[in-house]
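# Understanding the architecture of this molecule
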Amino acid sequence: MSLSEAPAPQERLSTGEFIALMAMLFGTLAFTIDAMLPALPEIADELSPENLNRTQLIVTSFVLGMGLGTFVTGPLSDAFGRKPVIIGAAGLFCISAAVAWWAQSLEVMLVARLIQGLGAAGPRVVALAMIRDLFVGREMAKIMSFVFLIFSLVPAIAPTVGAGILAIAGWRAIFPFFILFSGAATIWLWVRQPETLPPEGRKPMKAASFVSAIKEVFSIPMVRLSIAIQALCMGILFGLISSTQQIYDVIFDQGHLFHFWFGATAILASSASIVNAAMVVRLGMRYLITLALGSQIIFSMIMLVLSFSGILEGEAGLWLWFAWSTTIFFMVGLTLGNLNALALEPLGHIAGMASSITSSVSTVAGVAFAVPVGLLFNETLGPLAVGTLAYAVIGFFLIRRMARLERVAVAAEA
């Protein structure tokens, strides 16, 4: 019996169970990033005492692996089916988590996290494909809204879960938790969810088709600009996530309460998806992206000035930092989804491969932008403020260029 022929019922799952399953598969990704954050100081003390900043790479190496894995998981699921790819990716995820659990050096840890990211790309990409297999149009949008509503709560609780495990059993115990979480989601999928892509609907992997899709993606100026802006926004996000635990701990002496602060930020910022859904039809995707980046330029300039002036100290500084970090997450909620939609607008005929390509390139480039920001942490908000401001300014000018290209194209057609 093959993986896709597991003892699952042939009828479709109830909508509620399907939404819960998809949200849990997506949740593997968020848990694997956010539950690690409270443990970074202890890992640094044990594996990198000579350079504490290097432990931030535990976050970005995972994201890098996820970005690389996104290149191939979509085409693999088109060729071999959805369930076998998710189950195989989960196996890779769990094995690499076990290696990270055992790791005695930061280098082994980083390699294991990179491979763990490759495995996490399976649920990230293929779960979306399963939703597309079963639902279309407004019904698909409705399902996605519920899935992401549940998923948006994961960053609010993951650091608290990580902190609880850390307090009870130490940082290494977080990795068995990852194995249990991924294993539970995978068994649920295997037993309950029928394969959504029948053999007659599968497409063999062809290198020529993939190369052709890459060439087409990067031949369209609007798509190139969208990918570049996505990479900059991800650089801002990953730079923040990499540094946030150290900022709360070292600058504001709130390391013991970090998970509560981060959870509050996640809850507040999750409203960005609601705001975007309410405003995007009336105002348009480019307008909201421009507004979000322009606002972030102002917020980052204020924080940069305050950082260098020495005002960001004590309780007032803590609340200013909390507010600013929340605006960054909110900005991401108003930009990434809209930018992805803009990138795929002219690529509907190769939407699956194009989505893998654009997501992978923007994620890998985002990691490249984020790493130097994190490694430059110097016990002030300066490096993060400078990096965020620089990337927001570049992104703002690129989205303005996109608008000018669109006006030129409309004028030419007229």
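In short, a report on the structure. Being a predicted model, the structure only gives us computed values, none of them experimental.

A count of helices and strands for the protein gives 16 helices and zero strands. Computed over C-alpha atoms, the radius of gyration of the protein comes to 21 Å, within 12% of the 22 Å expected from 2.2 N^0.38 for 414 residues, which places it in the range of a compact globule. Projected onto its principal axes, the C-alpha coordinates of the protein cover approximately 65 × 65 × 35 Å. Expressed as a percentage of its 414 residues, the buried residues of the protein come to 53%. Here the analysis covers contacts within the protein between residues at least 6 apart in sequence; of these, 86% occur between residues at least 24 apart. With an accessible surface of roughly 17,600 Å², the protein has 70% of that area assigned to carbon and sulfur atoms. Separation between the mean location of the 22 positive side-chain charges and that of the 23 negative ones in the protein comes to 13 Å.

Moving on, we come to the nonpolar core. By size, the foremost hydrophobic cluster in this structure holds 107 residues, and its most contacted members are M22, I131 and W321. Apart from residues no more than four positions distant in its own chain, M22 is found in contact with A127, M130, I131 and V147.

Let us look at helix α10 (residues 221–251). Between its terminal C-alpha atoms α10 stretches 42 Å, which fits the 45 Å expected from 31 residues at 1.5 Å a residue. For α10, the tally of buried residues reaches 24 of 31 residues, placing the bulk of the element in the interior. Phi turns positive one or two residues past the end of α10, at D253, with a value near 55°.

Moving on to the packing of helix α1 (residues 15–34) against helix α5 (residues 106–134). At their nearest, the axes of α1 and α5 sit 10 Å apart, and the two run at 155° to each other. Here α5 runs roughly antiparallel to α1, going by the angle between their axes. The chirality of how α1 crosses α5 is left-handed. Side by side, α1 and α5 meet where F18, M22, L25, F26, L29, T32 and I33 of the first sit next to R113, Q116, P123, R124, A127, L128, M130, I131 and L134 of the second. Of the residues that constitute the contact of α1 with α5, the class distribution is 12 nonpolar, two polar and two charged.

Taken as a whole, this structure holds 18 aromatic pairs when the rule is applied. On the basis of an interplanar angle of 80° and a centroid distance of 6.4 Å, the ring pair of W171 and F175 is categorised as edge-to-face. Judged by relative accessible area, which is 4%, W171 ranks as buried. Within the aromatic cluster, the residues linked to one another by ring pairs are Y248, F258, W261, F262, W319, W321, F322, W324 and F329.

So, about a positive patch on the surface. The grouping of R224, R400, R401, R404 and R407 at the surface amounts to a positive patch. If you tally residues by element for the positive patch, the top one is helix α16 (residues 382–413), at four residues.

Given a rise of 1.5 Å per residue, 12 residues ought to cover 16 Å, and the 16 Å separating the end C-alpha atoms of helix α11 (residues 258–269) matches this to within 8%. Of the surrounding secondary structure, the elements contacted by the buried residues of α11 are α1, α7 (154–169), α10, α12 (271–283) and α14 (314–344).

Turning our attention to the packing of α10 against α11. The contact between α10 and α11 brings their axes to 10 Å, and the two run at 130°. Taken as axis vectors, α10 and α11 run oblique relative to one another. Considering how the two elements wind past one another, α10 and α11 form a crossing that is right-handed. Residues T244, Q245 and Y248 of α10 lie in contact with α11, whose contacting residues are F258, W261, F262 and T265.

Rules behind the numbers
Every chain is numbered on its own, with residues counted from 1 as its sequence reads. With the structure being a predicted model, the display of local features is reserved for residues of pLDDT at least 70 and the display and counting of side-chain atom pairs for 80 or more, all residues being used for whole-chain, interface and lining totals. Neither water nor hydrogens contribute to the side-chain values; these are computed over all heavy atoms in the structure. Segments assigned H or I by DSSP are reported as helices when at least four residues long, segments assigned E as strands when at least two residues long, and all are numbered from the N terminus. Throughout, radius of gyration means the C-alpha value; the globule benchmark is 2.2 Å times the number of residues raised to the power 0.38. Think of it in three bands: with a 1.4 Å probe and only protein chains considered, a residue is buried below 20% of the maximum accessible area for its type, exposed above 50%, and partly exposed in between. Residue contacts are counted whenever heavy atoms from the two residues lie within 4.5 Å of one another. Here the Shrake-Rupley method, with its probe set to 1.4 Å, supplies the accessible areas, and only the displayed protein chains count as covering residues. Note on charges: Lys and Arg go in the positive column, Asp and Glu in the negative column, and His and the chain ends are not counted at all. Charge positions are represented by NZ for Lys, CZ for Arg, CG for Asp and CD for Glu. Put simply, a nonpolar core is a bunch of buried Ala, Val, Leu, Ile, Met, Phe, Trp, Tyr and Cys residues held in one set by side-chain atoms that sit within 4.5 Å of each other. Residue count minus one, scaled by 1.5 Å, sets the expected span of a helix. For helices, the fitted axis covers only the stretch in contact; all axes are lines through C-alpha atoms, and the angles between them, taken along N-to-C directions, range from 0 to 180 degrees. Angular relationships are summarised with four words: roughly parallel below 35 degrees, roughly antiparallel beyond 145, roughly perpendicular across 65 to 115, and oblique for the angles in between. Note: crossing handedness is left-handed where the near helix turns anticlockwise from the far helix by less than a right angle, and right-handed where it turns clockwise. Put simply, Ala, Val, Leu, Ile, Met, Phe, Trp, Tyr, Cys and Pro go in the nonpolar bin, Asp, Glu, Lys and Arg in the charged bin, and everything else, Gly too, in the polar bin. Pairing of aromatic side chains requires ring centres within 6.5 Å, counting the rings of Phe and Tyr and the six-membered ring of Trp. Pairs whose planes differ by under 30 degrees are stacked, by over 60 edge-to-face, and all others tilted. Patches here are clusters of residues that have more than 30% relative accessible area and form no salt bridge, with a 9 Å joining cutoff for like charges and a 5 Å cutoff for nonpolar side chains (Val, Leu, Ile, Met, Phe, Trp, Tyr). Every case where a carboxyl oxygen of Asp or Glu lies within 4 Å of a side-chain nitrogen of Lys or Arg is listed as a salt bridge.

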